[in-house]
Amino acid sequence: MSNEQGSGELVRALDWKGAFWVAAGVPPLVLFSIGGIAGTTGKLAFMVWIISMIMGFLQSFTYAEIAGMFGNKSGGASVYGATAWLRYSKFIAPLSVWCNWFAWSPVLSLGCAIAAGYILNALFPIPAADSQMVMDWVAANIASLKPEDPRAVEWLAANAGKTLQDAAAALLPTDGVTALTPAIRTWELFGIPVPGLGTLHLNTTFVIGAILMLIMFAIQHRGIASTAAAQKILAIVVLVPLLLVGLVPILTGAIDSANITGLVPPTAAYSGVDGTWSIGGWTLFLGGLYIAAWSTYGFETAVCYTRELKDPKTDTFKAIIYSGLLCCLFFFLVPFAFQGVLGHAGMLAPGIVDGTGIAEALGNMVGGNKVIVQIFVILMILALFLAIMTAMAGSSRTLYQGSKDGWLPKYLSHANEHGAPTRAMWTDFAFNLFLLALASDLAGYFYVLAISNVGYIIFNFLNLNAGWIHRMDSGHIARPWKAPTWLIGVNTILAFVNALFLGAGAKVWGYSTALWVGLIFAALIFPVFAYRHYVQDGGQFPKGALEALGLKDGDMGERKAGMLPYLTLVLGAAVVLWANWFFVLPG
């Protein structure tokens, strides 16, 4: 390990403020699913965000403690927590790391898919049905609708007393929109169905998204200090206006109390109609908490850079806690203001649900003229860049450290002359090209989100329990910061609450197989680890992998927790299966 560039290792180039700025891409994650959560939970949406953020903040104290134990490791909380499980099963440890990676990595593809949508809307807009250019097209082509046209016959039969001209006025705008839509918006080279997953689309969204990912790669290629500098500029430019979006409606009295009272779940997802607290209603509510966790817990990425901190003993705790406070501010304010102004019906607009209309909504909340809206379009794209940069930096370091510790393929444990884990970054890029092809339409977008979050909840469950396992097995290891014991206990309970979210919530997003596909993907680590550990490494972990715990030469140490970790796994699985059986969607 080295503190200098050119060593082929990660470089100690950050203080806690640098790690804070790298993690500053987490608040914009609220924009990834704010419409989807509003659709599934109705008026409860803003409360879902607040509850989830409180849980994420409490959980971060466990992560802060265990991160401080590993000042010479990178890769984040999953790496630090995984070591707690090694004494009890070699296979559980890499499962935690793998699940954390495949939860974080899709931010690249999902963010680029939304950003590509914004770029297409800005450069090649689809005309509105009531726009002047469409009306002119209708006027020029009104004679094209003949009385014998099946559409005209059907429309006139359903609208007694109307004329052919009335039928043309009702039917032709759709034709006009189709005719005037730029060809680039509908271009697709091919679509490949993948059984059990969806369809891979090589279309315009895919091409633009791939270019954006390459730009992010180029920025991060120069190392963590360069990444942090770019993130700081982006964060200030993006987060200040986003904060205004949360504050201005409150300060100006634009919040409609009817939009934030009468808190009940909807009758069904995207119904827009208030329902009751039935089992179906609770299922929708838990589904919202399930997806919100993917965003609100994300600031734990602040401890991905422990190996790159100049003083990990003091900087690790500061980085995660201050990042958590920043996220509390945004995840409390923005969903509350969004819902308070737009209302449930407004948040079900297609552009809000798929993310491409959020910038216009944000602009309207603080002024509404065209200039402000266009400024927010640009800011939204920058916000997505901010989130993508955070995800690439964190997820690549998880791969890197997983390789260094003997859990993932050897080729990933390489850093370039700037201390950037480039092979891990290229792996992230290749994986996300596949996901980008899958997420290049709205249905695929939420499917990727639902599946990736299976991994994230598994990681959180394992890591929150790692807190008390480390206390029992490695209580002698120095901890620069130690969480109150009662909070470790609370977070252990929250681990099982997260398991409840997983069992009940994965199905809410329109994919009955999301939980099972996510579990299958999680299980892929077992053959990967088996090959690395038993074939490449001969059943031994690399030198130094367990050094922080005082273990070496294959000695895993005493299992002071006894059967408790195994009972924890069984109980967690039972909670997931029970919740998946008990909670059902309305109707």
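Nothing here was measured: the structure is a model prediction, and the numbers come from that model.

1. Notes on the side chain of S452
Turning to its location among the elements, S452 is positioned in helix α19 (residues 442–473). Given a relative accessible area of 2%, S452 falls into the buried group. Within the local environment of S452, its side chain forms a polar contact with the backbone oxygen of L449, the two atoms lying 3.1 Å apart. What S452 contacts, discounting residues up to four positions off in sequence, is F102, A103, P106 and W294.

2. Side note on the packing of helix α17 (residues 370–404) against helix α18 (residues 422–438)
For the pair α17 and α18, interaxial distance at closest approach is 8 Å and the crossing angle is 115 degrees. Relative to α18, the crossing made by α17 is right-handed. In this structure, α17 contributes M392, S395, S396, L399 and Y400 to the contact, and α18 contributes A424, M425, T427 and D428. Of the residues in the contact of α17 with α18, the class split is 5 nonpolar, 3 polar and 1 charged.

3. Remarks on helix α16 (residues 358–365)
With 6 of 8 residues buried, α16 lies mostly within the body of the structure. By the burial criterion, the buried members of α16 are I358, A359, A361, L362, G363 and M365.

4. Considerations on the packing of aromatic side chains
Per the stated rule, a full pass over the model turns up 28 aromatic pairs. Measuring from centroid to centroid gives 6.4 Å for Y297 and Y456, while their planes differ by 40 degrees, and the two rings are tilted. One end of the pair, Y297, is in the loop between α13 (279–296) and α14 (312–347); the other, Y456, is in helix α19, with 159 residues separating them in the sequence. Through pairs of rings, three or more aromatic residues link up here, namely F91, F526, F529, Y534 and F541.

The rules behind these values
- Residues numbered from 1 in each chain as written.
- Predicted model: local features only at pLDDT ≥ 70, side-chain atom pairs only at ≥ 80, totals over all residues.
- Heavy atoms only, no water.
- Helix = DSSP H or I, 4+ residues; strand = E, 2+ residues; numbered from the N terminus.
- Buried < 20%, exposed > 50% of the residue type's maximum accessible area, 1.4 Å probe, protein only.
- Polar contact = N/O pair within 3.5 Å; in protein donor to acceptor, adjacent residues only side chain to side chain.
- Contact = heavy atoms within 4.5 Å.
- Axes fitted to C-alpha atoms, helices over the stretch in contact; angles between N-to-C directions.
- Left-handed = near helix turned anticlockwise from the far one by under 90°.
- Nonpolar A, V, L, I, M, F, W, Y, C, P; charged D, E, K, R; others polar.
- Phe/Tyr/Trp six-rings, centres within 6.5 Å; stacked < 30°, edge-to-face > 60°.

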